[in-house]
Protein chains: 2
Amino acid sequence: MTTPRLAIGLDIGGTKIAGAVVDEHGTVVTELVEPTPEESDAESVTTVLLSMIERLRAEHDVVTIGVGAAGIVEWPAGRMLWAPNNSYRDWPVREQLEKVTNLPVTVDNDANVAALAEARLGEPYPNMVLVTVGTGIGGGLVMDGKIYRGPTGLGAELGHIILNPDGPRCGCGNHGCFEAYASGTALTRMARDAAADDPDGLIARLGAEEGEVTGHTVLEAVQQGDEVAKALFARLGRWLGVGIASLANIFEVDAVVVGGGLVETGELLLAPARATAREYAYAPTARGVPPVVPATFGGDAGKIGAALLALDNA
Amino acid sequence: MTTPRLAIGLDIGGTKIAGAVVDEHGTVVTELVEPTPEESDAESVTTVLLSMIERLRAEHDVVTIGVGAAGIVEWPAGRMLWAPNNSYRDWPVREQLEKVTNLPVTVDNDANVAALAEARLGEPYPNMVLVTVGTGIGGGLVMDGKIYRGPTGLGAELGHIILNPDGPRCGCGNHGCFEAYASGTALTRMARDAAADDPDGLIARLGAEEGEVTGHTVLEAVQQGDEVAKALFARLGRWLGVGIASLANIFEVDAVVVGGGLVETGELLLAPARATAREYAYAPTARGVPPVVPATFGGDAGKIGAALLALDNA
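The structure presented is a predicted model; accordingly, all values stated were derived computationally and were not measured. (Residues numbered from 1 in each chain as written. Chains lettered and ligands numbered in written order. Predicted model: local features only at pLDDT ≥ 70, side-chain atom pairs only at ≥ 80, totals over all residues. Heavy atoms only, no water.)

Quick look at the packing of helix α1 (residues 42–59) of chain A against helix α2 (residues 93–101) of chain A
Residues and elements named next belong to chain A. Filter applied, for reference: As a rule, the C-alpha atoms of each element are fitted with a line to give its axis, helices using only the stretch in contact, and angles between N-to-C directions run from 0 to 180 degrees. Note on conventions: DSSP H or I runs of at least 4 residues are helices, E runs of at least 2 residues are strands, and numbering of each starts at the N terminus. An angle counts as roughly parallel when it lies under 35 degrees, as roughly antiparallel when it exceeds 145, as roughly perpendicular when it falls between 65 and 115, and as oblique in every other case. The hand of a helix crossing depends on one turn: near helix anticlockwise from the far one by less than a right angle means left-handed, and clockwise means right-handed. Residues are treated as being in contact if the distance between any of their heavy atoms lies within 4.5 Å.
It is at 11 Å that the axes of α1 and α2 come closest, and there the two elements cross at 40°. Overall, the two elements α1 and α2 adopt an arrangement that is oblique. By crossing handedness, the relation of α1 to α2 is classed as right-handed. Mapping the contact onto sequence places T46, L49, L50, I53 and R57 in α1 and Q96, L97, V100 and T101 in α2.

As C-alpha cells, then:
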C-alpha cells in the first residue's frame, strides 16, 4: 500500500484564509484558519500564507501547494490581477510562493477550485454552476466535468452579472451586481440600514453589544426570533434566486450548488433563493428547473479543491 | 474540380422566415423570405417551410436541409420544445421534414446556427458571444471554436437573463428579461408608450399613417430627425449594453457580436450599447473590455449557419 500524496490547500477569501493538508481523496488531514489581514495587499497576505505553509509543513510531508484566491487570477500563470474585496493587485502569487517554498504551486480563482472539489467529490453533477456566498459572490462553472475558466482565467466571474443597473454600488465599482445584492457584504449593508432605521430594534441592540453590526448580528437576531432579521435573509435569498435563475437560463445544468460561508445558514437563505429561482426560470415546463442545493463541502470546498488541483498538476 | 455540395438553410424568426440555398463556403446561391404566419403554430409554419423548400429545390440540387428556429430546440433530436414569441410547441421539426423531403434535416436554435456562421466565416473570434436582436433576443456562445448548447440543447438562452426582476413582462412570461428590454418587441412597446404619451408627436403621426406603431416607425422618425425616437434607440441600446456587460463578465471572449434584424440600424443601436457595456464591465483594467461589433452577416447569419450545420452533418 502506498501512502497517498499530500498537498497544502489554501483558500484566500475576503474575511479569512483557510488552509489544510489534504490527500488525493480530498480528505482533510490538518487544518488552520487565519483572518485576512486588514490591509489585504500582496505583502500582508503573503506573510500569512507563508506562516500557514510553514506550520502545515512542520506536521506533514507535502508534495505541492494549491491556492484558491478571491479575485481574477491569470491562468495558468497564477498571477492575481485584481480583486473586488481585497487590495492585492498584479501579484505573482505562484512565482513568489514557489521561490520561497521550493514546491510546485498552482493558483486559481477560489470559486473555481471550490467547484472542482464539489464536481469531483460531491454529488455527481457533470454540468453545474457553483455560487459561493461569502464576503463576495464567487462563481464556478463545470461543463461536461471540466472547469470553465476562459482561455486565460478571466471567465466565470458570476458574481458580477448585473441584476439591476440602478442597484447598489458593488465592491468592484459597478452598480447592481449579483454580489452587491446577495453577498455577506450586502447582508451587512442591509443590516446596518435596518439598525439605523430602528435604533431600538434587536439588530441595532445586538450590534451595539458586539461593537458593530455585521451579517452575524442578523443571524443572531434570527435565532432570537426577530422578524426584521428574518425579512433581511428573505431579501438576500430572493436576490440570490434572481442571480441563480439568470445563470440557470444560460447554462443547461444538473444543479446549482450554493457554497461559501453563508450557506451554513441553511434554509434561511436557500428556501427563498429556491423559490425565486423557480419564479424566474425560463420556460420551466420545457427546460425543467435545476435543483438549488447546498455545497457538499460548505465553506471547506475551496481549500480542498485548491489541494486537488495542485495534486493534479504535481 | 468538384461542384460544391448545396444545402437549404431556413431561419424561423418571430416575424419572418428566411430561406436560402447555400454552398459549403457559406455563399448564398438563391434566397427567399416569407412572413412568419400569424398563428405561428407547428402546422402553419410547416406549411410555409415545405413550400419554401419546394421552391428552392426546384432550382437547385441540395443534399440536406438545416433549420434554425427561435425557441428551445432539443439537440440533436431537432424537436422544438417551446418558444417565447411563436406558438409552436413540442414540434418534431426534424422528423416531419425528413419524412416529407426524404433528405437529412438538422434543426437547432436560430442564434446557435447564426453563431456558427459568424464563428466560421466572419471575423476569427474563437471565443465569442453572439446576441441577435430581432423580435426577441437570441444568444449563441462559441467557446474555443465550438457552439455551446448544453448537453441536450437547453443552454445559451441568453435573451432570458434577468436585467431587473421588477422590469417589464417578457414574451416568456417572466419579468425584466434581457429580451423584455432590448428586443424589437421592446422597441415597439416603448414606441407605443411614446405615441400614447404624445399623440401629436412624429411617432404617433407616422404610426397613424402606417396603421400601427412598430419599431420601423421609430426608425423612420429617427431618419426625420425626431429627438424622441433617437432617445428610444438610446434607451434600447443602453439595455442592450447592460445585457452584453453581464455576458462579457461571465465569459472570456474575443468579441461580443451583435446580429439580428435590428443590427441593421447600425451605430444608432451599437453606440449606446458599446458605451454601456464598457460602463458595466467588471474590472476593465484587469480583464479588458471585449469589442462590441456588428455581425458580419447581419440578419443573414441564421440561414447560412443552418445550411452549414446541415452540411457538417450530411
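Things to note about the relation of the copies chain B and chain A
One copy of the chain maps onto the other through a rotation about an axis plus a displacement along that axis. In plain terms, the rule: Here the copies are superposed with least squares, the fitted atoms being C-alpha atoms of residues at a pLDDT of at least 70 in both.
Rotating chain B by 180° and moving it 0.0 Å along the rotation axis overlays it on chain A with an RMSD of 0.0 Å. Look at the turn and shift together and you get a two-fold axis relating the two.

Quick notes on the pattern of salt bridges
Definition in use: A pair is scored as a salt bridge if a Lys or Arg side-chain nitrogen falls within 4 Å of a carboxyl oxygen belonging to Asp or Glu.
Summed over the entire model, instances satisfying the criterion amount to 22 salt bridges over all chains. Among the ionic pairs, R274(B) bridges to E267(B), the shortest N-O distance being 2.8 Å. Several salt bridges converge on common partners, so that one network encompasses E31(A), D300(A) and K303(A).

A look at the domain arrangement of chain A
By a frequent convention, interface size equals the accessible area lost on bringing the separate parts together. All names here are of chain A. The test is simple: Residue ranges for the domains originate in an automatic or database domain assignment. Note on terms: buried area is the combined drop in 1.4 Å-probe accessible area of two parts once they are placed together, counting the loss on both.
Taken domain by domain, chain A comprises domain 1 (6–117 + 300–313) and domain 2 (125–295). Between the C-alpha centres of domain 1 and domain 2 there is a distance of 24 Å. With 19 residues of domain 1 at the contact, the number on the domain 2 side is 22 residues. Both faces considered, domain 1 and domain 2 share a buried interface measuring about 1,400 Å² in area, 55% of it formed by carbon and sulfur atoms.

What to know about the state of the cysteines
Put simply, the rule is: Disulfides are defined as pairs of cysteine sulfur atoms found within 2.5 Å of each other. The classification of residues rests on relative accessible area computed with a 1.4 Å probe and restricted to protein chains. Under 20% of the type maximum is buried, over 50% is exposed, and intermediate values are partly exposed.
Evaluated as defined, the whole model comprises zero disulfides over all chains. No disulfide involves C177(A); its sulfur sits 3.7 Å from the nearest other cysteine sulfur, which is in C172(A). With relative accessibility at 0%, the residue C177(A) sits in the buried group. In this structure C170(B) is not part of a disulfide, and its nearest cysteine sulfur, from C172(B), lies 3.8 Å away. Residue C170(B) is classed as buried on the basis of its relative accessible area of 6%.

Side note on the sheet that holds strand β4 (residues 64–69) of chain B
All names here are of chain B. Short version of the rule: Any two strands are treated as partners once DSSP identifies two or more bridges connecting them.
Strand order in the open sheet formed by five strands is β3-β2-β1-β4-β7, and the pairing between neighbours is mixed. Unpaired on one side and paired on the other, β3 (28–35) and β7 (105–109) mark the two borders of the sheet. Recorded for the sheet is a direction-independent mean angle of 15° between the axes of neighbouring strands. In the sheet, β4 pairs with β7 via five bridges, with the strands oriented parallel. Across the sheet, the residue bridging to G66 is T106, located in β7. Packed onto the sheet, helix α3 (residues 110–121) meets β1 (6–12), β4 and β7 and runs at close to 100° relative to β7. This element, helix α11 (residues 301–313), spans β1, β2 (16–23), β3, β4 and β7 of the sheet and lies at about 135° to β1.

Thoughts on the side chain of T188(B)
Tracing the backbone through its elements, the reader meets T188(B) in helix α5 (residues 184–197). The class of T188(B) is buried, set by a relative accessible area of 17%.

Comments concerning unusual backbone geometry
W75(A) connects to P76(A) through a cis peptide bond whose omega is 0°. With respect to the secondary-structure elements, P76(A) resides in the loop between β5 (72–74) and β6 (79–82). One non-glycine residue with positive phi stands out, namely S40(B), at about 50°. With respect to the helices, strands and loops of the structure, S40(B) is situated in the loop between β3 and α1 (42–59). Judged by its relative accessible area of 5%, S40(B) falls in the buried class.

Here we look at the environment of G138(A)
Residues and elements named next belong to chain A. Relative to the assigned elements, G138 resides in strand β9 (residues 137–143). Separated by 29 residues in the primary sequence, G138 and N109 place their C-alpha atoms 8.6 Å from one another. Leaving out residues up to four positions away in the same chain, G138 has contacts with A111, L130, V131 and T132.

Brief notes about the pairing of strand β3 (residues 28–35) of chain A
Residue and element names in this part refer to chain A. Pairing of strand β2 (residues 16–23) with β3 involves seven bridges; the strand directions are antiparallel. Residue pairing across strands places V21 opposite T30, the latter belonging to β3. Hairpin connection, β2 to β3: the antiparallel pair is bridged by four residues, and G26 has positive phi, about 85°.

A short note on the interface of chain B and chain A
Contacts between chain B and chain A engage 43 residues on the former and 43 residues on the latter. Here chain B and chain A share an interface that buries about 3,600 Å² over both sides, 60% of which is from carbon and sulfur atoms. Considering only the surface of chain B that becomes buried against chain A, I250(B), E252(B) and Y282(B) emerge as the three largest contributors, covering 21% of it. Counting every contact that joins chain B to chain A gives zero salt bridges.

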